[in-house]
Amino acid sequence: MSATAFIFARGGSKGVKSKNIYPVAGKPLIAHGIASALASQSVARVVVSTDDAQIAAVARAHGADVLERPSALADDSTPELLAWRHAIASFPQLFSGPAVQPFISLPATSPLRAAQDVDAAIAKFRSHPCDILFGVSPAHRNPYLNMVTIDAQGLLQIAIPGSSAVRRQEVPAMYDVTTCVYVGNASYIQSCTRLMQGRVGHIVIPPERALDIDSHYDIHLAQLLLTQPYPPCAKRSS
């Protein structure tokens, strides 16, 4: 079943001005997200939710439809969950009835996401019952081993006090939640108070595709990886 994917891109970014349409590897940042969605086998339509006329124009130019987001849902302090609910309410035909679709959010800030990540997330959600599914990536640091806090005396303390582990093989594997892909039940998203309160599934995104754009440094890394791909992602499709 061909699904509709949503990209949420407001205009008031602070860390990087006009981040969602900032040029990265020859095209606006959001265009990479639209391309990876449309290249997947599972998505037939992309809808960009935005309050910004420039973002809307760029989205349409790259093959997406646009949902006008109320300014009240595009403030710095507004949880994106509320924008998700606005999108669900705006397309009731997608999320009710016998042909109900999963809700899919593909953040614009993940330009290295590949089409196969989108397909894998949707397939995993459909085959492994859960309320919502996140992309995760192996963490570079582990709180049992090499993450620390600084105490009142300015001295380092291991993040998990009492841990006696000295080797990575002795501790649980840790993962970072990425902003690569989210797939969930619309009814759960409409009713939950926080996304992690229900049954949360996952797919593992390789680190070379898990970059989230939040700063000019991140843009620099994305530029490098998109123009000079790390070998495992050299054949990525997006």
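All chains use their own residue numbering, which begins from 1 and follows the written sequence. Per-residue local features are limited, in this predicted model, to residues with pLDDT of at least 70; the limit for side-chain atom pairs, both in listing and counting, is 80 or more; totals at the level of whole chains, interfaces and linings are taken over all residues. The basis for every side-chain value is the complete set of heavy atoms in the structure, and neither hydrogens nor water enter the calculation.

## Thoughts on the environment of Lys 124
Secondary structure elements follow DSSP: runs of H or I of four or more residues count as helices, runs of E of two or more count as strands, with numbering from the N terminus. For Lys 124, the position within the fold is in helix α4 (residues 115-127). Residue Lys 124 is classed as partly exposed on the basis of its relative accessible area of 24%. Sequence separation of Lys 124 and Gly 201 is 77 residues, and the distance between their C-alpha atoms is 8.3 Å. The contact rule is simple, with two residues in contact once any of their heavy atoms fall within 4.5 Å. Excluding its chain neighbours within four sequence positions, the residues that come into contact with Lys 124 are Leu 133, His 202 and Ile 203. Per-residue accessibility, obtained with a 1.4 Å probe over protein chains only, is compared with the maximum for each type, and a residue is labelled buried under 20%, exposed over 50%, and partly exposed between these values.

## Brief notes about the sheet that holds strand β10 (residues 175-184)
A pair of strands is considered paired only if DSSP assigns at least 2 bridges between the two. Taken in spatial order, the seven strands make up an open sheet running β5-β4-β1-β6-β10-β7-β11, and their pairing is mixed. Strand pairing shows two members of the sheet lacking a second neighbour, β5 (65-68) and β11 (200-204), which therefore form its edges. Adjacent strand axes in the sheet meet at a mean angle of 35°, parallel and antiparallel pairs treated alike. As defined by bridge partners, strand β1 (residues 3-8) adjoins strand β6 (residues 103-105) across two bridges and the pair is classed as parallel. Pairing of Phe 6 across the sheet is with Ser 105, part of β6. All axes here are fitted lines through C-alpha atoms, helices being fitted over the stretch that makes contact, and every angle between N-to-C directions spans 0 to 180 degrees. Running at roughly 170° to strand β4 (residues 43-50), helix α2 (residues 53-61) makes contact with β4 and β5 of the sheet. Against the sheet, helix α3 (residues 80-90) engages β1, β5, β6, β7 (132-138) and β10, with an angle of about 145° to β1.

## As for helix α6 (residues 216-227)
Helices are assigned an expected span. That span is 1.5 Å times one less than the residue count. The terminal C-alpha atoms of α6, which comprises 12 residues, lie 16 Å apart, in line with the 16 Å expected from a rise of 1.5 Å per residue. Buried within α6 we find Asp 218, Ile 219, Ala 222 and Leu 226. Down the axis of α6, the smallest arc covering the buried residues is 100°, so these residues share one side. Along its buried surface, α6 packs onto β2 (23-24) and α1 (29-39). Our arc is simply the arc of the directions from the helix axis toward the C-beta atoms.

## Brief notes about the nonpolar core
In terms of nonpolar packing, the biggest core is built from 30 residues, with Ile 7, Ile 30, Ile 34, Val 48 and Leu 106 touching the most fellow members. Residue assignment for this core shows that the elements contributing at least two residues are β1, α1, β4, α2, α4 and β10. Here the nonpolar core consists of buried residues drawn from Ala, Val, Leu, Ile, Met, Phe, Trp, Tyr and Cys, with membership extended through side-chain atoms lying within 4.5 Å. With 21 residues, the next largest nonpolar core counts Phe 8, Ile 88, Phe 95 and Ala 186 among its residues.

## Focus: the environment of Ala 152
Here Ala 152 lies in the loop between β8 (148-150) and β9 (156-158). On a C-alpha basis, the gap between Ala 152 and Phe 134 in space is 36 Å, while along the polypeptide they are 18 residues apart.

## Brief notes about the environment of Phe 6
In this structure, Phe 6 sits in strand β1. What makes Phe 6 buried here is its relative accessible area of 0%. In the structure, Phe 6 is positioned 40 residues away from Val 46 in sequence and 5.7 Å away in space, judged by C-alpha atoms. When near neighbours in sequence (up to four residues on either side) are disregarded, Phe 6 contacts Val 47, Ala 87, Phe 91, Leu 94, Phe 95, Phe 103, Ile 104, Ser 105 and Leu 106.

## Concerning a nonpolar patch on the surface
Residues with no salt bridge and a relative accessible area higher than 30% make up the patches, which join like charges within 9 Å and nonpolar side chains (Val, Leu, Ile, Met, Phe, Trp, Tyr) within 5 Å. Using the Shrake-Rupley algorithm and a 1.4 Å probe, accessible areas are obtained, with residue cover drawn only from the displayed protein chains. We define a salt bridge as a side-chain nitrogen of Lys or Arg found within 4 Å of a carboxyl oxygen belonging to Asp or Glu. On the surface, a nonpolar cluster with roughly 320 Å² of combined accessible area is contributed by Val 148, Ile 150 and Leu 156. If you trace the backbone, Val 148 turns up in strand β8.

## Section: the pattern of salt bridges
Where charged atoms of side chains with opposite charge meet at close range, the side chains can pair. Evaluated as defined, the whole model comprises five salt bridges. For Asp 76, the salt bridge identified is with Arg 10, shortest N-O distance 2.6 Å. Taken together, the residues span a long stretch of sequence, with Asp 76 in the loop between β5 and α3 and Arg 10 in the loop between β1 and β2 at a distance of 66 residues. Residue Arg 10 is classed as partly exposed on the basis of its relative accessible area of 24%. A salt bridge links Asp 131 to Arg 199; its shortest N-O distance comes to 3.4 Å. Placement of the pair is Asp 131 in the loop between α4 and β7 and Arg 199 in the loop between α5 (186-191) and β11, with a sequence separation of 68 residues.

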